[in-house]
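# Geometric and topological summary
As a plain string of letters, each chain reads:
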Amino acid sequence: MGVERSLTELYGDDPERADALAFGRRGALKGAALAAMGAALGSTIPFAARMPAGLLPAALAQAGEVPKLRMDGKATLILLGERPLVAETPEAMLDDDVTPTDKFFIRNNGAIPERFAGDPKSWRLRIDGEVNTPLDLTLGELQSRFEAVTLRLQMECGGNGRAAFTPETRGNQWGNGAISNGEWTGVRLRDVVRAAGPKDTARFTGHFGADPHLSGDTSRQAISRGMPVAKAMEDTTVLAWNLNGEPLPLVHGFPLRLITPGWPGSLSQKWLNRITLRATPHDGPGMGGTSYRVPVRPIVPGSTNDGKEFVDIASMPVRGLLTNLAHGSRLPAGTRRLDLRGHAWAGDLTVRAVHVSADFGASWTEMRVAEAPNRHAWQRWTGSLELPSDGYFELWTRATDSQGRMQPHQAANWNPQGYAANAMARTAILVG
Ligand SMILES: Nc1nc2c(c(=O)[nH]1)N[C@H]1C(S)=C(S)[C@@H](COP(=O)(O)O)O[C@H]1N2
Ligand SMILES: [Mo]
């Protein structure tokens, strides 16, 4: 019991030392260390011989209480920050094909604005900059002048998966749950930009929202990002007023937001009131330097960098999640077959394959991957896996995109603000 507690605690406090203790210098988990690890996990580890040296068991990686969100209209998400309000969806809450509104993750950079008191149809959106006819449209005009579309679209924070970076980076320590796949109703940004008559010089967008900066300084934007006009003109980039058939909740951008699926969530401006077209990349908060930018050539993890040679993140990398078994689940003794399912997505690309391993990556079983109902919706995967015995297992889920890129074992391409980490998901389970 003493050994059990100390190893568990040590993994919480100092995972590197715990690994050194458990695995020793040779890196093999044997004898007393294996027994101690098993005791810490509360089970034997049938595939211990295949455990990579120095591997921190997923079951021990998360030590301590996880703070919970308590908010009307929202499920008990994982609370990552109160000011600004940030909350993550546990992976096992992402099992629905269409993410229910209460299970949507929340990411704010500033304060949540007061709810627009007027008739939502009188909310105004300006389209200006490099256009021949600047537009000042009410939401009602948007709804009556342009064709409405309803699409399932994945929206993922640029920092999703950040907690997997070593060394730890700045920013919210997201697991893999800063992702949603809602059913959005709105109009295509493309149609509205065309109505404004873009000039040849209109090459980039800049987005503005009504949320106050945390400092209270009304001249500052909480976040204001932009993208190349080609992404703005895609037919899945929408100005949305409904989520899952209802007006947007305040926290998700009521009454109007942009949805830019497949690219960092920060391009999906909430409380949207202005889009400007520009000849040069936008320069609002969240642009330039190391913000939403990643190295072209890998840099030394933990080093400082001004980001001058980084590039803006465009399409997000491939990721898959197992959603029908929660991390830490205990299954009845004798369970030998697992029916598994989850979702996978790959930014602007599609997902070609999903594999699951129960033996620390020594062997992989291919799952079935369904097609998306529309472009930029996530894809459902299903399959099953056999287990040899009771014990502690980790189910590793690994997706591969349509260009053959596969999720790495460890978060790759370390960058100072911790973007685009897509290490494969690890779900710890105990059988018996
Ligand atoms: N106006 C405004 N829009 C915003 C943000 C914000 O802070 N203010 N956060 C962005 C980021 S970083 C993300 S990941 C998504 C999150 O959207 P959600 O809170 O509806 O899940 O909104 C984006 N749009
Ligand atoms: Mo984000």
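Given the structure is predicted, the values throughout are model-derived calculations rather than measurements. The residue numbers shown here count from 1 along each chain, following its written sequence. Both sets of labels track the order of writing: A upward for chains, 1 upward for ligands. With pLDDT at 70 or above as the cut-off, local features in this predicted model cover only qualifying residues; side-chain atom pairs require 80 or more to be listed or tallied, and sums for whole chains, interfaces and linings still use all residues. In computing side-chain values, all of the structure's heavy atoms are included and hydrogens and water are not.

### Some words on the overall build of the protein
Put simply, DSSP H or I for four residues or longer makes a helix, DSSP E for two residues or longer makes a strand, and each gets a number counted from the N terminus. Check the secondary structure of the protein and you find seven helices and 23 strands. For a compact globule the rule gives 2.2 Å times the number of residues to the power 0.38, and the radius of gyration it is set against comes from C-alpha atoms. Against the compact-globule benchmark of 22 Å for 432 residues, the protein has a radius of gyration of 23 Å, which places it among compact chains. Over its C-alpha atoms, taken along the principal directions, the protein stretches across nearly 75 × 45 × 40 Å. Considering only contacts within the protein whose residues lie at least 6 apart along the sequence, 71% involve residues at least 24 apart. For the area figures, the Shrake-Rupley method with a 1.4 Å probe applies, and any residue is considered shielded solely by the protein chains shown. In the structure as shown, the protein presents an accessible area of about 18600 Å², 49% of it carried by carbon and sulfur atoms. Each charge class in the protein can be summarised by its mean position, and for the 47 positive and 45 negative side chains these summaries are 3 Å apart. A contact between two residues is defined here by any heavy atoms of the two lying within 4.5 Å. Counting rule for charge: Lys and Arg are taken as positive, Asp and Glu as negative, and neither His nor the chain ends is counted. Think of each charge as sitting on NZ of Lys, CZ of Arg, CG of Asp or CD of Glu.

### Side note on helix 3 (residues 31-41)
The buried label applies to any residue whose accessible area, calculated with a 1.4 Å probe on protein chains only, is under 20% of its type's maximum; exposed applies above 50%, and partly exposed to all values in between. Ala33, Ala36, Met37, Gly38, Ala40 and Leu41 are the residues of helix 3 that are buried. Phi turns positive, to about 75 degrees, at Gly42, one or two residues after helix 3.

### Quick notes on the domain arrangement of the protein
By a widely used convention, the size of an interface equals the accessible area lost when the partners come together. Per the domain assignment, the segments of the protein are domain 1 (7-60) and domain 2 (78-312). An automatic or database domain assignment supplies the residue ranges for each domain. Measuring from the centre of the C-alpha atoms in domain 1 to the corresponding centre in domain 2 gives 41 Å.

### Observations regarding the side chain of Asn374
The residue Asn374 is located in the loop between strand 20 (368-369) and strand 21 (379-386) in this model. Every residue in contact with Asn374, bar those within four places of it in the chain, is listed here: Leu151, Arg152 and Leu153.

### With respect to the site of ligand 1
Taken together, 18 residues form the shell around ligand 1, and within it Phe105, Asn109, Asp211, His252 and Lys270 come nearest. Note that a nitrogen atom of ligand 1 is positioned 2.6 Å from one of the side-chain N or O atoms of Asp211. The term polar contact refers here to a pair of N or O atoms within 3.5 Å; inside protein, the definition further demands a hydrogen-donor-capable atom paired with an acceptor-capable atom, and it admits residues adjacent in sequence only when both atoms are side-chain atoms. Ser268 is positioned with one of its backbone polar atoms (N or O) 3.0 Å from a nitrogen atom of ligand 1. Three categories are distinguished: nonpolar for Ala, Val, Leu, Ile, Met, Phe, Trp, Tyr, Cys and Pro, charged for Asp, Glu, Lys and Arg, and polar for the others, with Gly belonging to the last. Of the residues belonging to the shell around ligand 1, the class tally is seven nonpolar, seven polar and four charged. Nearness here has a simple test: a residue counts as near a molecule or strand if at least one of its heavy atoms is within 4 Å of that partner.

### Here's the deal with the packing of aromatic side chains
For Phe, Tyr and Trp, where Trp contributes only its six-membered ring, two rings pair if their centres lie within 6.5 Å, and the inter-plane angle classes them as stacked under 30 degrees, edge-to-face over 60, or tilted in between. Summed over all chains, the structure comprises seven aromatic pairs. A ring pair is formed by Tyr292 and Tyr419, whose centres lie 4.8 Å apart and whose planes are at 25 degrees; its orientation type is stacked. Of this pair, Tyr292 sits in the loop between strand 12 (272-278) and strand 13 (293-295) while Tyr419 sits in the loop between strand 22 (391-401) and strand 23 (425-431); the two residues are 127 residues apart in sequence, bridging distant segments of the chain. A ring is scored as having a charge over it whenever the NZ atom of a lysine or the CZ atom of an arginine sits within 6 Å of its centre and within 35 degrees of its normal. A cation sits over an aromatic face here: Arg274 above Phe208, 4.5 Å from the ring centre. The ring of Trp364 carries Arg398 above its face, with NZ or CZ at 4.0 Å from the centroid.

### Quick look at the sheet that holds strand 16 (residues 329-331)
Spatially, 16-23-22-18-19 is the arrangement adopted by the five strands of the open sheet, whose pairing is mixed. Two strands close off the open sheet at either side, each with one partner strand: strand 16 and strand 19 (365-366). Note on pairing: DSSP must find at least two bridges between two strands before they are called paired. Both strand 18 (residues 351-357) and strand 19 contribute to a ladder of two bridges, which runs antiparallel. Bridge pairing in strand 19 links Val356 to Thr365.

### Thoughts on the UniProt feature "domain: Oxidoreductase molybdopterin-binding" (unreviewed entry) in the protein
UniProt positions are given in the numbering used here, feature names are shortened, and annotations may be inferred rather than shown by experiment. The sites that UniProt annotates as "domain: Oxidoreductase molybdopterin-binding" (unreviewed entry) are residues 118-284. Within residues 118-284, the helical portion is 11% and the strand portion 32%, while the C-alpha atoms at the span's ends are 28 Å from each other.

### Quick notes on the confidence of the model for the protein
Residue-level confidence of the predictor is what pLDDT reports, using numbers from 0 through 100. Averaged over all residues, the pLDDT of the protein is 93; the fraction at 70 or higher stands at 93%. Within the protein, strand 11 (residues 257-259) carries the highest mean pLDDT (99), whereas helix 1 (residues 2-13) carries the lowest (57). Counting contacts from residues 1-5, a segment whose pLDDT is below 50, to residues more than four positions away or on other chains yields three contacts.

### Observations concerning the pairing of strand 9 (residues 238-243)
For strand 9, the tally of buried residues reaches six of six residues, placing the bulk of the element in the interior. Relative to strand 11, strand 9 runs antiparallel, the two being bridged by three bridges. Residue pairing for strand 11: Leu239 is matched across the bridge by Leu258. Where strand 9 and strand 10 (residues 246-247) come together, two bridges link them in antiparallel fashion. Bridge pairing in strand 10 links Asn242 to Pro247. Between strand 9 and strand 10, which pair antiparallel and follow one another directly, the connecting turn spans two residues, one of which, Asn244, has a positive phi of 50 degrees.

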